[in-house]
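Reading the structure
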Amino acid sequence: MISVAVLLSGCAVTPWNALNDDERRDLRDNSSEYQQDVLADLHVTESEYRQSVNDYRDCVQEAGADASEVRATQGTELGFEYSFHAATEADGDVTQRAADACLIEYHDAIGRVWVSQGTALT
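Residues numbered from 1 in each chain as written. Predicted model: local features only at pLDDT ≥ 70, side-chain atom pairs only at ≥ 80, totals over all residues. Heavy atoms only, no water.

**Digging into the state of the cysteines**
Enumeration according to the criterion identifies one disulfide in this entry. Between Cys 59 and Cys 102 runs a disulfide, and the two sulfur atoms are separated by 2.0 Å. Where Cys 59 bonds to Cys 102 through sulfur, the torsion about that S-S bond is close to -70°, and the disulfide is left-handed. Of the two residues, Cys 59 sits in helix H3 (residues 46-62) while Cys 102 sits in helix H4 (residues 89-106), which places them 43 residues apart along the sequence. (Disulfide = S-S within 2.5 Å. Helix = DSSP H or I, 4+ residues; strand = E, 2+ residues; numbered from the N terminus.)

Listed below in structure tokens is the structure:
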């Protein structure tokens, strides 16, 4: 039996993750339809950010992982932990790939734009 635990968290705004509008457009244009809709105006509201994290978490659970409740991390971001048990490494790889796909579908670009904004959670 294989067990995996993952903690999702982001980082603070620095010169390395501040995004200009061209970079935000590129993220938007190369993301999923879900994220393109949110990023249409190149800005992420707190409500959109929270929904993205919750949808990502729900997807991870549907992929077969056990996910914790979403909670604030570092005052500006949300995160959750997830874990799963697999009978074989191959089974674990399937679950991990499905969880990774959830990030790409629901949160990767949105999370990056949110962090670049440096907005505190209310």
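**A short note on the side chain of Arg 24**
Structurally, Arg 24 is set in helix H1 (residues 21-29). Within the buried core, Arg 24 has no salt-bridge partner, and the shortest N-O distance to an opposite charge, that of Asp 21, equals 4.7 Å. (Buried < 20%, exposed > 50% of the residue type's maximum accessible area, 1.4 Å probe, protein only. Lys, Arg positive; Asp, Glu negative; His and termini not counted. Salt bridge = Lys/Arg side-chain N within 4 Å of Asp/Glu carboxyl O.)

**Details of helix H5 (residues 108-117)**
Extensive coverage of H5 is indicated by the burial of eight of its ten residues. By the burial criterion, the buried members of H5 are Ala 109, Ile 110, Gly 111, Val 113, Trp 114, Val 115, Ser 116 and Gln 117. Looking at the packing, one finds that the buried side of H5 touches H1, helix H2 (33-38), H3, strand E4 (77-79) and H4. Trailing H5 by a residue or two, Gly 118 shows a phi angle of about 65°, which is positive. (Contact = heavy atoms within 4.5 Å.)

Any functional reading would require information that these geometric values do not contain.
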